[in-house]
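# Topology and contacts: notes
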Amino acid sequence: MDETRLRGLLEQAAASPAPPSRVDVELARSRARRKLRWRLASLAGASAAAVVAVIAVAVAVPGSGGAPGRGKAPEAHAQVIAPRQFSMSSPYAAFGWLPPGESLDGGTLTPSSVYLTAGPHSSWALNVFVAGFCNLTSAQVLRQLGQHRHPMLDCSDSSSGLMLPVTSVAAAQVDGRAAFWVSHTYLIWQYARRAWAALEPPKSVMNRTVIKVASGIRYGAAGSPVEYPAQLVNMPAAWTLASVHFAADAGVLRASQYQLTGTGLGADAPMFTTDPATASSSCYYYPGGESARQTIDGYRVTVNHIPASNGSDPVQQVCAADADGLAVFVSTYGKNASPDAVSIFRRHMRLLGTNPANWTTEPLG
């Protein structure tokens, strides 16, 4: 996603009464905030001081506390062997120790990364990557810093990018491993062979607190699975889950926005939002014939047909402000999308209500 489009999405998300973007607005918001935060970190780091001092690595600060979730996580200091692909069923990583009053509040899973936030206001942000996803090893970073060079840790693929300009070595280790500062704001470390993690702390937090949070991160945690308030049935066999954004909601990791993929991530991949309906839940109605109000399976919905423009694919959206207590949003892309949004809502989507006891851990039935 280029910088111009990214900033445009953020501006649209911030403009409160303005019409929504012609994409799945809620998913775009979370992705745009996440990508722009790291992109700006990269830009800031690129202008860092030219001479980087390599600080002697001190003794690790041990983590403490338990990992959230119903399952039992392995010890933070156990030998970790990072996988080449993460499970989409539950987060591979989990926060352990956090400052008092702060806890997990959400995250995003993809096959190559886990993104978690904690706070009360998402003030801690953690990215964990699969083995081999980033371009350098810890030894290579140390070597370049020792040569007064500026290592750039590239953790990116065709759909997203993190470019992390390393500025210095942290004065304390994370689980016995060297850690590094990115623009003196983000802490990164290699948590396993060729596998990196990056922690963005709140502003003005002391460095020793950041190290303690990082040292408490658990990997391979068999914690709570992500649970879905809706299930897709009889979808094409090739479709799989590509990404899911979840919210920590009363002890449950509730799927909020997610995307499927059949032939690889792209504009044709359908997107979904399934959040609890509120008094302010609504569906935007485009004037000029692009929108129509319908009843599908007894639910009042708004169907938007947004034509192609500026090289973008046409979009079909189905929005239900309240369907069995859920605010549901389905988007499909391309004139030949099959099944399209209307067909998915009518024939392929089982709404499971607002009671977590009725939800499923299998989004594709």
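This text follows the structure it describes.
Just so we're clear, the structure is a prediction, and the values are computed from it rather than from any experiment.

## Examining the state of the cysteines
Working definition: the covalent bond between the sulfur atoms of two cysteines is a disulfide. This model, assessed by the stated rule, comprises two disulfides. The side chain of C134 participates in a disulfide bridge whose partner is C155; the two sulfur atoms lie 2.0 Å from each other. In this structure, the disulfide formed by C134 and C155 twists by about 115° around the S-S bond and is classed as right-handed. Of this pair, C134 sits in the loop between β4 (124-129) and α3 (138-146) while C155 sits in strand β5 (residues 152-156), and the two are 21 residues apart along the sequence.

## Focus on the packing of aromatic side chains
Using the criterion set out here, one finds nine aromatic pairs in the structure. Residues F129 and F133 carry aromatic rings whose centres are separated by 5.5 Å and whose planes lie at 5° to one another, so their mutual orientation is stacked. The exposure classification of F129 matches that of F133, with both residues buried. Between Y299 and F345 the ring centres are 6.1 Å apart and the planes differ by 80°, which places this aromatic pair in the edge-to-face class. With Y299 in strand β17 (residues 299-306) and F345 in helix α5 (residues 341-348), this pair connects stretches of sequence that are 46 residues apart. Residue class for F345 comes out buried when judged on its relative accessible area of 4%. Grouping aromatic residues by their ring pairs yields a cluster made of F86, Y92, Y191 and Y219. Geometry around W97 places K212 over its ring, the cationic atom sitting 4.3 Å from the centre. Over the ring of Y285 we find R293; its NZ or CZ atom is 4.1 Å from the centre of that ring.

About the thresholds
Residues numbered from 1 in each chain as written. Predicted model: local features only at pLDDT ≥ 70, side-chain atom pairs only at ≥ 80, totals over all residues. Heavy atoms only, no water. Disulfide = S-S within 2.5 Å. Helix = DSSP H or I, 4+ residues; strand = E, 2+ residues; numbered from the N terminus. Phe/Tyr/Trp six-rings, centres within 6.5 Å; stacked < 30°, edge-to-face > 60°. Buried < 20%, exposed > 50% of the residue type's maximum accessible area, 1.4 Å probe, protein only. Lys NZ or Arg CZ within 6 Å of the ring centre and 35° of its normal.

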